[in-house]
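Working through the structure, step by step
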Amino acid sequence: LPACRDSKLFIKDLHFDEVPVRIYLPRVPSASKRRGVIFFHGGCGIFGSIRSHERICRYIARKSDSVVVSVGYHLSPEHKYPAQTLDCLTATVHFLKTAENYGVDSDRIILCGDSVGGTFTASVCQELVNRRDIPKIRAQVLIYPFLQALNFNLPSHQKNAFVGFLSREHTVRFILKYLKKDCSMKEAILAGSHVPEKMNLKYRKWIYPDLIPEIFKQGYKPPLPTSFLPQVHKETKELFETRFSPLLAEDTVVCHLPDTCIITCEHDVLRDDGLLYKKRLEDNNVKVTWYHMEEGFH
């Protein structure tokens, strides 16, 4: 759908290296170059669009006097993973290289996304850590992001297992649909049978209930032991890629990430993903601003 007219913004539909984008530019002239915001919408990589998130992008552009680029990455299942992350990466690199054409200071560009858009934000920031040919991302904003697919039995998964819109079960079903996998593996993944013990031991330093602040662990019960299923692990290896689970990135990458804002919601199965990433970033001396919405939900 075409953009609606806005009295305060110029709105253009463009393509950044074949990736559809919608750019929102404040109409009022600026004495200096503006900030830039690249926005990745949520929707499990299956739903959502530039149009579905137009209101929030307009709001950001108007309230912050920034140029906002909303990325219309191609959706699964028509476009197989990791096409979505690669589209976001392509659009980001293009804008970093051409920001001045839109009156934007290339040293003041942030990435922002909600839900899986937060996944893409974290992933793109990690992938750009070692790039020297383009400006650095100034900051990243992760709005209730999905960041790991190893453990679906963290306190927030238990507490919010049956919360409407995004239940624990729906989360894993959407993941399998996004990756075009057999949904019959859902129960095994929920139980943790897709993760070998060696991998669990390796990553428990980053993904473990004891790392969650006590205030968020009320009523938590450790899950019963489960048997490892090698076939399920083999079929779902994408779950362990840092592109899919950014929380698994090594410290050598995490320590170079930009300033970060993380927003979590109390009534959200993904709450603890944000809390664990916050701890990882802080442990690696990355500046983090954290907002927790006590009455918020995914």
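Here the structure is a predicted model, which means the values were calculated and not measured.

Another aspect to go through is the environment of V288. By the element assignment, V288 lies in strand β8 (residues 288–297). By relative accessible area, which is 19% here, V288 ends up buried. Every residue in contact with V288, bar those within four places of it in the chain, is listed here: T260, I262, K278, L281 and E282.

Our focus in this paragraph is the packing of aromatic side chains. Counted by the stated rule, this structure contains 11 aromatic pairs. Consider the rings of Y73 and F120, whose centres lie 5.0 Å apart with planes at 80 degrees: the pair is edge-to-face. Of the two residues, Y73 sits in the loop between β4 (67–71) and α2 (83–98) while F120 sits in helix α3 (residues 116–127), which places them 47 residues apart along the sequence. We note that Y73, like F120, is buried. With a centroid separation of 5.7 Å and an interplanar angle of 80 degrees, the aromatic rings of Y81 and F244 are classed as edge-to-face. Residue Y81 is found in the loop between β4 and α2, and its partner F244 is found in the loop between α8 (230–235) and α9 (251–254); the two are separated by 163 residues along the sequence. In this structure, Y81 and F244 share a single accessibility class: buried. Here the aromatic residues Y81, F146, Y178 and F244 are joined through ring pairs into a cluster of three or more. Taking the ring centre of F10 as reference, the NZ or CZ of R27 above it sits at 4.4 Å.

Thresholds applied
- Residues numbered from 1 in each chain as written.
- Predicted model: local features only at pLDDT ≥ 70, side-chain atom pairs only at ≥ 80, totals over all residues.
- Heavy atoms only, no water.
- Helix = DSSP H or I, 4+ residues; strand = E, 2+ residues; numbered from the N terminus.
- Buried < 20%, exposed > 50% of the residue type's maximum accessible area, 1.4 Å probe, protein only.
- Contact = heavy atoms within 4.5 Å.
- Phe/Tyr/Trp six-rings, centres within 6.5 Å; stacked < 30°, edge-to-face > 60°.
- Lys NZ or Arg CZ within 6 Å of the ring centre and 35° of its normal.

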